Amino acid sequence: MSDFYLTTPLYYVNASPHIGHAYTNVISDCMARFRRLNGESVFFLTGTDEHGEKIKKAAEDCNEDVEKFVEEKAQTFKSLWKQLNISYDFFIRTTEKSHVDVVSKVIKTVYDKGDIYKSKYRGFYCLPCESFWTESQVKEAAGCPDCKRDVEIIEEDNYFFKLSKYQEWLLEYLKNNPGFVKPKTRYNEVVSFLERNTLEDLCISRPKKRLGWGIDFPLDNNYVVYVWFDALINYISGAGYLSDSDKFNSLWPVDIHFMAKDILRHHAIFWPIMLKALELEMPRVIFAHGWWKIGEDKISKSRGNIVNPLELIKTIGVDGLRYFLLREVPVGVDGNFSWSAIINRLNSDLANDLGNLVYRTLNMAEKYFKGVVQVKELHIPERFKPHLDCLQNDYAASMEEVDFSSALDKIWKFINIMNKHVEDTKPWILWKEKKLDELNSFLFSLLEGIRITAIYIYPFMPSTSEAILRQLGIDNDVLSSNALKDVAFRIGKFRVKKEEPLFPRIESESSD
Ligand code: ME8
């Protein structure tokens with residue numbers, strides 16, 4: 001079986017990472033961990049986009065040498081991914097020689113094919129977004145369609161990549177592959193864009209005299225490569241396109257490219273056409289998620305309303321943040337970021353439902369049976385069965401569809417039924433009446449339910465999953481691979497050791 005290959009965008013290093021970047025990597029990590037749990041071998045690529053004018057300008061603004069600046073910023077991304085438990089396999093930086101070599105090779109190959117030519121360029125350019133726009137796009141948005149700032153008119157000789165030649169092919173490809181771009185709304189957007197507009201060829205060079213910080217254009221040393229053409233190529237260079245053909249063949253095509261809708265056009269139009277020109281297979285899925293917003297505004301560096309994930313982690317913990325991001329909104333739609341939404345979600349789902357279930361069950365196991373709970377005959381409470389069946393049948397499908405909130409919904413229904421089971425059974429009465437067999441069997445079924453829950457929540461909250469298993473006395477090797485094949489109820493013995501509650505309640509003053 002070939003590896004499951006997934007990617008995130010390469011983030012610009014002109015500033016430190018914010019909650020939007022964290023979101024894409026948390027989603028990607030959740031998918032990667034699910035796939036590993038499902039017994040698949042995974043290659044998870046992330047990294048940083050380090051060329052272009054705005055990076056150079058950011059370094060100058062800090063009075064720093066640009067190479068040193070990008071190195072430092074790349075480290076801030078790596079360090080955040082470490083704190084957020086992002087289990088990437090390779091971190092690619094576009095300034096690495098191995099990537100630069102692939103970019104040169106791609107340009108030469110596409111040029112030899114006749115898909116690159118030199119011509120005069122006159123266009124509307126947004127410096128902060130590093131993007132060219134057509135006159136009609138700029139008119140409609142009264143500025144840059146992405147960041148709303150003023151655009152510049154630029155006129156110069158440049159090299160162009162023949163996007164237009166492939167427009168019909170791409171439209172047809174999309175029509176024959178309706179799952180190529182997800183979710184459906186984004187697919188419809190791309191199709192209708194291609195039906196209503198004529199693609200202009202893409203200007204893929206920048207004169208060095210205007211912009212020096214980029215990869216040398218291999219056909220003409222007066223130019224550097226346009227940063228987007230450079231960056232998109234990471235998806236093949238990071239997979240060993242030139243350096244390791246065995247690796248590349250086992251990875252390509254990508255199974256899923258994650259990004260937000262702001263860069264869908266680059267991924268769903270430029271990138272497939274670049275791959276077609278290179279005669280490489282198409283990615284299986286291009287998934288554009290929504291934006292985190294504050295009020296009506298997208299959270300972004302250029303709008304100055306960023307939320308720092310490191311600050312949030314200090315108050316709500318890594319898994320609190322991961323859970324909030326993955327639970328609050330379905331992956332394809334926009335989410336509104338607010339402190340009250342975080343408090344509600346975490347206090348209710350994590351502190352009350354999951355945390356309380358684990359704490360009180362382990363507390364009872366210690367109090368009534370000194371932590372050792374064992375059965376010889378399996379008794380699964382009737383009310384657990386539909387939930388267990390539903391998880392066994394549908395969890396994987398929801399995860400594969402990137403429908404994380406629906407997978408969590410199923411898990412939480414099971415957690416809540418376990419809590420209800422405690423309340424209805426009233427174990428303290430069983431204890432008083434010395435019905436120890438019944439109490440033992442009741443506790444065993446709860447511990448089994450919690451063990452199974454710990455496996456299902458692993459992709460979302462890996463540390464919490466491990467902490468639960470540790471308290472249940474189970475080696476977390478069970479999470480290493482194929483754990484999903486072994487989630488059925490079973491007979492056995494628990495030797496539990498209760499720790500502090502998993503999720504202390506968050507007080508609303510914490511936001512101050
Ligand atoms: O575009 N909500 O880099 P970038 C959700 N270098 N996700 C968000 C977000 C928000 N408010 N803000 C940012 C670039 N993101 C290029 C990519 S890829 C070959 C080159 C996430 O630093 C989301 O994934 O501007 C978005 O697509 C990406 O960060 C943009 O990151």
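Quick note: structure is the one above.
Because the structure is predicted, anything quoted here is derived from the model rather than measured.

(A) Focus on the overall build of the protein. The helix and strand inventory of the protein stands at 19 helices and 17 strands. The C-alpha atoms of the protein give a radius of gyration of 26 Å, which matches the 24 Å a tight globule of 512 residues would have. Across its three principal directions, the C-alpha atoms of the protein cover 90 × 50 × 40 Å. In the protein, which comprises 512 residues, the proportion classed as buried is 56%. Contacts in the protein between residues at least 24 apart in sequence constitute 78% of all its contacts with a sequence separation of at least 6. In the structure as shown, the protein presents an accessible area of about 21800 Å², 47% of it carried by carbon and sulfur atoms. Positive and negative side-chain charges of the protein, numbering 67 and 74 respectively, have mean locations separated by a distance of 3 Å.

(B) Broad picture of the sheet that holds strand β8 (residues 202–203). Taken in spatial order, the four strands of this open sheet run β5-β4-β6-β8, and their pairing is antiparallel. Looking along the sheet, the strands with just one partner apiece sit at the ends: β5 (131–133) and β8. Pairing between strand β6 (residues 152–161) and β8: two bridges, direction antiparallel. Counterpart to F161 in the pairing with β8 is L202.

(C) Broad picture of the site of the ligand. Among the 26 residues in the neighbourhood of the ligand, the closest are listed as L10, T24, D49, W292 and I299. Backbone polar atom of L10 to a nitrogen atom of the ligand: 2.7 Å apart, as the coordinates give it. Between T24 and the ligand, the recorded distance is 2.6 Å, taken from a side-chain N or O atom to an oxygen atom. The fraction of the free accessible surface of the ligand (670 Å²) that becomes covered by protein chains is 96%. Judged by the fraction of its atoms near the pocket grid, the ligand is located in the largest pocket. By residue number, the principal contributor to the shell around the ligand is strand β1 (residues 4–12), which donates four residues. Split by residue class, the shell around the ligand holds 14 nonpolar, eight polar and four charged.

(D) Expanded view of the packing of helix α1 (residues 19–37) against helix α15 (residues 385–400). Following both chains from N to C, one finds α1 and α15 inclined at 140 degrees, their axes separated by 10 Å at the closest point. One element, α1, and the other, α15, form an angle in the oblique class. Of the two elements, α1 crosses α15, and the hand of that crossing is left-handed. Contacts between α1 and α15 involve C30, M31, F34 and R35 from the first element and Y395, A396, M399 and E400 from the second.

(E) Seen up close, the packing of aromatic side chains. Taken as a whole, this structure holds 30 aromatic pairs when the rule is applied. Judged by centre distance (5.8 Å) and plane angle (85 degrees), the ring pair of W292 and F337 falls under edge-to-face. Taken together, the residues span a long stretch of sequence, with W292 in strand β13 (residues 292–294) and F337 in the loop between β15 (335–336) and α14 (339–369) at a distance of 45 residues. F337 carries the same exposure label as W292, and that label is buried. Through a chain of ring-to-ring contacts, the aromatic side chains of Y5, F43, Y235, Y241, F248, W252 and W271 assemble into a single cluster.

(F) Structural view of the pattern of salt bridges. Counting across every chain of the model gives 37 salt bridges. Two residues, E71 and R93, come together in a salt bridge whose shortest N-O distance is 2.8 Å. Placement of the pair is E71 in helix α3 (residues 66–83) and R93 in strand β3 (residues 90–93), with a sequence separation of 22 residues. A salt bridge links E433 to K435, with the shortest nitrogen-to-oxygen separation between them at 3.1 Å. Overlapping salt bridges bring together D29, R33 and R322 as one network.

(G) Looking closely at unusual backbone geometry. Following K182, the chain continues into P183 via a peptide bond in cis, with omega recorded as -10 degrees. By secondary structure assignment, the location of P183 is in the loop between β7 (181–182) and α7 (184–196). With an omega of 5 degrees, the peptide bond between W252 and P253 qualifies as cis. Residue position: P253 is located in the loop between α10 (245–251) and β11 (256–260). A positive phi is found at K148, a non-glycine position, where the angle reads about 70 degrees. Residue placement: K148 occurs in the loop between α5 (135–141) and β6. Located in the positive-phi region is K370, a residue other than glycine, with phi close to 50 degrees. Position of K370 relative to the elements: it lies in the loop between α14 and β16 (372–374). With a relative accessible area of 77%, K370 lands in the exposed category.

(H) Seen up close, empty space enclosed by the protein. Going through the model one piece at a time under the given rule, you end up with two cavities of 30 Å³ or more. Estimates place the volume of the largest cavity at around 40 Å³. Forming the walls of the largest cavity are H51, G52, E130, R206, L211, W213, G214, V225, Y226 and V227. Looking at the second largest cavity, its volume works out to about 30 Å³. V375, E377, L378, H379, S441, F444, S445 and F489 are the residues that line the second largest cavity.

About the thresholds
- Residue numbers run consecutively from 1 along every chain, following the written order of its sequence.
- In keeping with the predicted nature of the model, local features appear solely for residues at pLDDT of at least 70, side-chain atom pairs appear and are counted solely at 80 or more, and the whole-chain, interface and lining totals rest on all residues.
- Side-chain measures here rest on the full set of heavy atoms in the structure, leaving out hydrogens and waters.
- Helix and strand assignments follow DSSP, with helices taken as H or I runs no shorter than four residues and strands as E runs no shorter than two, numbered in order from the N terminus.
- Atoms counted for the radius of gyration: C-alpha only. Globule rule: 2.2 Å times the number of residues to the power 0.38.
- Here the term buried applies to any residue with accessible area under 20% of the maximum for its type, exposed to any over 50%, and partly exposed to those in between, with areas from a 1.4 Å probe on protein chains only.
- Two residues form a contact once any of their heavy atoms are found within 4.5 Å.
- Every accessible area reported is derived by Shrake-Rupley at a probe size of 1.4 Å, with residue values counting cover from the shown protein chains alone.
- For this count, His and the chain ends are skipped, Lys and Arg are scored as positive, and Asp and Glu as negative.
- One atom stands in for each charge, and that atom is NZ of Lys, CZ of Arg, CG of Asp or CD of Glu.
- Strand pairing is assigned whenever DSSP identifies at least 2 bridges connecting the two strands.
- Consider each residue's heavy atoms; a residue with any of them within 4 Å of a molecule or strand counts as near.
- Any pair of nitrogen or oxygen atoms within 3.5 Å is treated as a polar contact; in protein, a donor-acceptor pairing is required on top of that, and neighbouring residues in sequence qualify only through side-chain atoms on both sides.
- Cavities and pockets are defined on a 1 Å grid built over the protein atoms alone: a cavity is a set of grid points where a 1.4 Å probe fits but cannot escape, while a pocket is an open set with protein on both sides within 12 Å along at least five of seven lines, and lining residues are those with an atom within 4 Å of any such point.
- What decides whether a molecule sits in a cavity or pocket is whether more than half of its atoms lie within 2 Å of the grid points.
- Ten residue types, Ala, Val, Leu, Ile, Met, Phe, Trp, Tyr, Cys and Pro, are classed as nonpolar, four, Asp, Glu, Lys and Arg, as charged, and the remainder, Gly among them, as polar.
- Where helices are involved, their axes are fitted lines through C-alpha atoms of the stretch in contact, as for all axes, and angles between N-to-C directions lie from 0 to 180°.
- Comment on the angle field: the value is read as roughly parallel under 35 degrees, roughly antiparallel over 145, roughly perpendicular from 65 to 115, and oblique elsewhere.
- Crossing handedness follows the turn of the near helix against the far one: under a right angle anticlockwise gives a left-handed crossing, and clockwise gives a right-handed one.
- For Phe, Tyr and Trp, where Trp contributes only its six-membered ring, two rings pair if their centres lie within 6.5 Å, and the inter-plane angle classes them as stacked under 30 degrees, edge-to-face over 60, or tilted in between.
- What counts as a salt bridge is simple: a side-chain nitrogen of Lys or Arg found within 4 Å of a carboxyl oxygen of Asp or Glu.
- Grid points are joined across faces, edges and corners, and a volume is the space filled by probe spheres set on the points.

In short, the description is geometric, and any link to function would need to be established separately.
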